[in-house]
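Descriptive structure summary
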Amino acid sequence: MLKVRQSLLVLVLYAFSGWVGIEFAGIGEGSITLIWLPSGIGLAACIIYGKSILPAIWLGSFIANTPYLISPLNDSPILYACFFGALAATINTFIQAYFAYYLYKKYLGKANLESSRLIIDFVLKVTLLPSALNMALLITLYSIGGYTTLSTNSTVVNVLSIWLSGALADFHGYFVIVPFLLSWSSKKGALFINRKKWLYLSLFSFIVLMVSAVYYVTSTIYLLLVLGVLIALYLNMRIATAFVLATSLCFTFATAQRVGPFNLDTNWHSFVSLLIFVFSLGLSVYVIATKRYELKSAHAKLEEKVKKRTFKLNQANKKLTNMSRTDGLTGIANRRHFDYFLENEWARAIRNHSPISLLIIDIDYFKQYNDIYGHVKGDECLKLITSTAQRLVHRPSDLIARYGGEEFAVILPETTETESLAQHIRTEICSLKIPHEGSDIYDYVSVSIGCCTIFPKKGTLAKHLIELTDKALYNAKDAGRNNVKTVAIGLSSVSHK
């Protein structure tokens with residue numbers, strides 16, 4: 001159903017624009033058509049919808065041209081007109097539309113006219129040859145059919161005149177229609193920027209300048225050039241192409257009615273002057289608009305690159321930060337991060353008047369373990385003890401860190417009951433039953449743990465907590481190791497358990 005609607009749309013546009021061109025865009029009793037809009041519509045339709053749209057183009061061309069080929073001089077005027085109308089429609093379809101589409105695909109690919117290079121390639125490589133070839137074949141066809149009469153005098157000049165006027169009319173249609181339809185059919189949001197205030201101001205200025213140029217002051221056309229540049233700079237490709245198309249149509253129809261700045265002494269002079277102006281205006285506006293689009297695209301790509309690289313840099317910095325505060329062997333926090341974390345929690349405990357607890361865990365006779373089993377086994381032992389302790393320290397606010405060679409520390413904010421956790425850690429490590437022949441107290445690896453809880457006050461230092469916890473650890477070792485000792489701090493006294 002969608003393809004049917006597309007085909008019907010192209011058919012109506014093609015036939016209607018052909019009728020408009022013949023009826024309202026001709027000068028010199030219709031001998032010169034100033035613009036042939038169907039050429040641009042046919043090519044744009046092929047670019048947007050593909051080759052499947054060609055039957056609609058053929059039928060549109062047939063409908064647009066055939067009524068004007070009916071002549072009472074022929075025996076069967078309608079049949080005769082239909083025959084040559086069908087041949088003309090075939091030429092228009094396969095040369096004016098499909099051959100131009102082939103050149104577009106060859107030189108521009110699937111790209112829309114979004115860069116100045118593509119605009120230049122479109123003008124030079126896509127539009128010129130189909131315009132010239134299509135008109136040459138149509139002149140040949142209409143000469144055979146008797147529709148084009150060439151005088152015996154200056155035949156070559158007459159043929160060239162007819163051919164050039166038709167080719168330029170086709171080129172005119174390509175030049176103003178294709179960029180307009182492609183920009184408005186594009187779904188890329190970058191092609192349209194919503195600036196309604198500037199849009200309305202541009203529309204008002206266009207109407208004023210156009211009326212002035214056509215009916216009053218012809219030199220106002222130079223201000224239209226300025227307006228075109230401003231539109232290309234400050235609006236977008238869609239509005240720019242609409243401006244070029246509207247300017248072309250207004251001046252074309254005005255010239256056909258013998259008014260405006262291009263109503264000159266001869267038809268050819270009028271036609272060429274009009275085409276030069278439209279081409280100069282259009283090319284300038286297209287190039288400026290596409291250059292602006294290229295700059296915006298390059299800026300967007302650069303911003304995306306910067307964003308990606310910034311993300312990678314942040315990830316690398318995050319990884320580096322983690323590495324700088326992580327112990328390489330056990331994967332838990334290192335001494336540096338322990339000191340940083342303790343200072344922050346100590347300050348927070350002072351502000352909140354809350355307790356903070358510390359455990360220091362020491363592996364009993366670990367030097368002897370390394371001497372007997374080697375440092376590789378010693379590293380494995382450290383990893384196993386670390387993972388066991390980590391499983392028992394559940395809260396996200398707690399921190400377990402490697403404090404020294406065989407010592408570990410656990411910071412417990414807002415906690416006073418530390419002995420039960422310490423005893424749990426000690427018994428779990430004993431249950432691992434890691435053989436230790438060098439231990440004087442146990443056949444397996446064991447730990448001694450010192451605990452301390454403090455309600456820190458303003459002006460006190462975190463190292464006070466470390467000193468007291470270290471004293472509790474010394475007490476645990478002095479009591480025979482493989483046990484837990486706690487230092488509980490009251491408001492003004494210290495007691496030992």
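Keep in mind that what you see is a predicted model, and the values were worked out from it rather than measured. (Residues numbered from 1 in each chain as written. Predicted model: local features only at pLDDT ≥ 70, side-chain atom pairs only at ≥ 80, totals over all residues. Heavy atoms only, no water.)

1. A word on helix 12 (residues 366-373)
The complete set of buried residues in helix 12 reads Phe366, Tyr369 and Asn370. End-on, the buried residues of helix 12 take up no more than an arc of 95°, which puts them together on one face. Along helix 12, the residues that are exposed and aim more than 90 degrees away from the buried face are Lys367 and Asp371. Looking at the packing, one finds that the buried side of helix 12 touches strand 3 (356-363) and helix 13 (375-392). Immediately downstream of helix 12, the backbone of glycine 374 shows phi near 95°, a positive value. (Buried < 20%, exposed > 50% of the residue type's maximum accessible area, 1.4 Å probe, protein only. Helix = DSSP H or I, 4+ residues; strand = E, 2+ residues; numbered from the N terminus. Arc of directions from axis to C-beta. Contact = heavy atoms within 4.5 Å.)

2. Points about a nonpolar patch on the surface
On the surface, Leu8, Val12, Phe16, Trp19, Phe24 and Tyr68 cluster together into a nonpolar patch covering about 610 Å² of accessible area. Within the element layout of this structure, tryptophan 19 appears in helix 1 (residues 2-24). (Patch = residues over 30% accessible without salt bridge, like charges linked within 9 Å, V, L, I, M, F, W, Y side chains within 5 Å. Areas by Shrake-Rupley, 256 points an atom, 1.4 Å probe, with all protein chains shown as cover. Salt bridge = Lys/Arg side-chain N within 4 Å of Asp/Glu carboxyl O.)

3. Here we look at the confidence of the model for the chain
In this model, the chain carries a mean pLDDT of 89, and residues with pLDDT of at least 70 account for 94%. Across residues 189-193 the pLDDT falls below 50, and counting only partners more than four positions away or on other chains, this stretch makes 14 contacts in the model. Note on residues 491-497: pLDDT is under 50 here. Beyond four places in sequence and across chains, it has 15 contacts. (pLDDT = per-residue confidence, 0-100.)

4. Points about the pattern of salt bridges
Evaluated as defined, the whole model comprises ten salt bridges. Arginine 335 is paired through a salt bridge with aspartate 339; the nearest N and O atoms lie 3.2 Å apart. With arginine 335 and aspartate 339 both in helix 11 (residues 335-352) and four residues apart, the pair spans about one turn of that helix. Arginine 335 gets classed as partly exposed once you look at its relative accessible area, which sits at 35%. A relative accessible area of 31% places aspartate 339 in the partly exposed class. With its nearest N and O atoms 3.9 Å apart, the salt bridge here joins glutamate 380 to lysine 377. Remark: lysine 377 and glutamate 380 occur in helix 13; sequence separation between them is three residues, near one turn of the helix. Residue classification places lysine 377 among the partly exposed positions, given a relative accessible area of 43%. Residues joined by salt bridges that share partners form a network here, namely Arg117, Asp121 and Lys125.

5. Digging into the pairing of strand 5 (residues 407-413)
With seven of seven residues buried, strand 5 is to be regarded as a mostly interior element. Residues Glu407, Ala409, Ile411 and Pro413 of strand 5 are buried on one face, and the alternating residues Phe408, Val410 and Leu412, pointing to the opposite face, are buried as well. Sheet analysis places strand 3 next to strand 5, joined by seven bridges and oriented antiparallel. For leucine 358, the partnering residue across the bridge sits in strand 5 and is isoleucine 411. Pairing of strand 4 (residues 399-402) with strand 5 involves four bridges; the strand directions are antiparallel. Looking at the pairing, leucine 399 lines up with isoleucine 411 of strand 5. (Pairing = 2+ DSSP bridges.)

6. Brief notes about the packing of helix 7 (residues 196-216) against helix 9 (residues 237-256)
Pairs of packed helices are described in terms of their axes, by the angle between the two and the distance that separates them. Orientation of helix 7 relative to helix 9, taken along the N-to-C sense of each, is 20°, at an axis distance of 11 Å. It follows from the interaxial angle that helix 7 and helix 9 lie roughly parallel. In this structure, helix 7 meets helix 9 at a crossing whose hand is right-handed. Along the contact surface, helix 7 presents Leu199, Phe206, Met210, Ala213 and Val214, while helix 9 presents Ile239, Phe243, Ala246, Thr247, Cys250, Phe251 and Ala254. (Axes fitted to C-alpha atoms, helices over the stretch in contact; angles between N-to-C directions. Parallel < 35°, antiparallel > 145°, perpendicular 65-115°, else oblique. Left-handed = near helix turned anticlockwise from the far one by under 90°.)

7. Topic: helix 9
For helix 9, spanning 20 residues, the distance from its first C-alpha to its last is 28 Å, which sits close to the expected 28 Å at 1.5 Å a residue. Across the 20 residues that make up helix 9, a large majority, 15, are buried. Directly beyond the C-terminal end of helix 9, a positive phi value near 65° is found at arginine 258. (Expected span 1.5 Å × (residues − 1).)

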